Amino acid sequence: MVNNGYDGMRITSNNLQDYLSPKPTENSIVLIKRHIIPSHNYLLNEIENEKLGSVITAINILQYFAPTMTPGILHDYIRRHGNKIGYSTKFGIIPLFNSRILNCVATDLHIKHTFRTKYIKNIGFDFKTITDLIDSRNPVLLSLFNDGRNYYQRHSVVIMGYEIYDVGGVQKRLLVVCDSWSKGYSYIDYDRLSSVSSLTY
């Protein structure tokens, strides 16, 4: 069983083992596979006093494909196109328009990448979709309604890796994410992630 005492709390490498198995003496924890790629992790208010996670996450994704672009320039272009296409002053980029906005920015700045979006977990995408993208060194923008633990709600993060564990004979699948709230990375339990989610890559 996953430790529900961690609902509403950030999961990091410091408390991951306890999250996976509150009683490690009863359940062995074995890492099956891990793949993490480098990703920018700008935080809220770090760029132009931006307070919306969806915008910061879009900057993090774009800069992976255009490392010479400054985050300030990317921010200006995201806001410019977002205001025309699909942007809320309360929530930021509307997930339905993620790939359209990113592709407009990519075209303007000659970034050689075409973004696509898949909607609804286990219908439009699954865990293998994510692992295939990470294995091909493609970070992923995840827009989620709820992470299933009430920590991330109506938020956007960059998936920059995954880890798969065997916990007492049960497989646990985790997404390694940069969340724009804290430096370093944290974890999302894929199997608890709300189906109301989308991937832009």
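Up top you'll find the structure we're talking about.
Okay, so let's go over this structure. (Residues numbered from 1 in each chain as written. Predicted model: local features only at pLDDT ≥ 70, side-chain atom pairs only at ≥ 80, totals over all residues. Heavy atoms only, no water.)

Applying the stated criterion across every chain yields a total of 8 aromatic pairs. Residues Y151 and W181 carry aromatic rings whose centres are separated by 5.5 Å and whose planes lie at 75° to one another, so their mutual orientation is edge-to-face. Of the two residues, Y151 sits in the loop between β5 (140–146) and β6 (153–167) while W181 sits in the loop between β7 (170–178) and β8 (186–189), which places them 30 residues apart along the sequence. Judged by its relative accessible area of 35%, W181 falls in the partly exposed class. An angle of 85° between the planes, with centres 5.9 Å apart, marks the rings of Y185 and Y187 as edge-to-face. Accessibility expressed as a relative area gives 31% for Y185, which makes it partly exposed. The buried category is assigned to Y187, whose relative accessible area is 3%. In this structure an aromatic cluster arises from ring pairing among Y64, F65 and F115. (Phe/Tyr/Trp six-rings, centres within 6.5 Å; stacked < 30°, edge-to-face > 60°. Helix = DSSP H or I, 4+ residues; strand = E, 2+ residues; numbered from the N terminus. Buried < 20%, exposed > 50% of the residue type's maximum accessible area, 1.4 Å probe, protein only.)

Within helix α4 (residues 98–108), burial applies to N98, S99, I101, L102, V105 and A106. Each buried residue of α4 sits inside an arc of 165° when the element is viewed along its axis, so together they form one side. Against α2 (53–65), α3 (71–85), β3 (92–93), β4 (117–119), β5 and β9 (197–200) lie the buried residues of α4. Once α4 ends, the next one or two residues include H110, with phi positive near 60°. (Arc of directions from axis to C-beta. Contact = heavy atoms within 4.5 Å.)

Judged by which residues are buried, β8 turns out to be covered on both faces: S186 and I188 on one side and Y187 and D189 on the other are all buried. Where β7 meets β8, 4 bridges bridge the pair, whose relative direction is antiparallel. Residue V176 lies in a different strand from β8, and its bridge partner there is Y187. (Pairing = 2+ DSSP bridges.)

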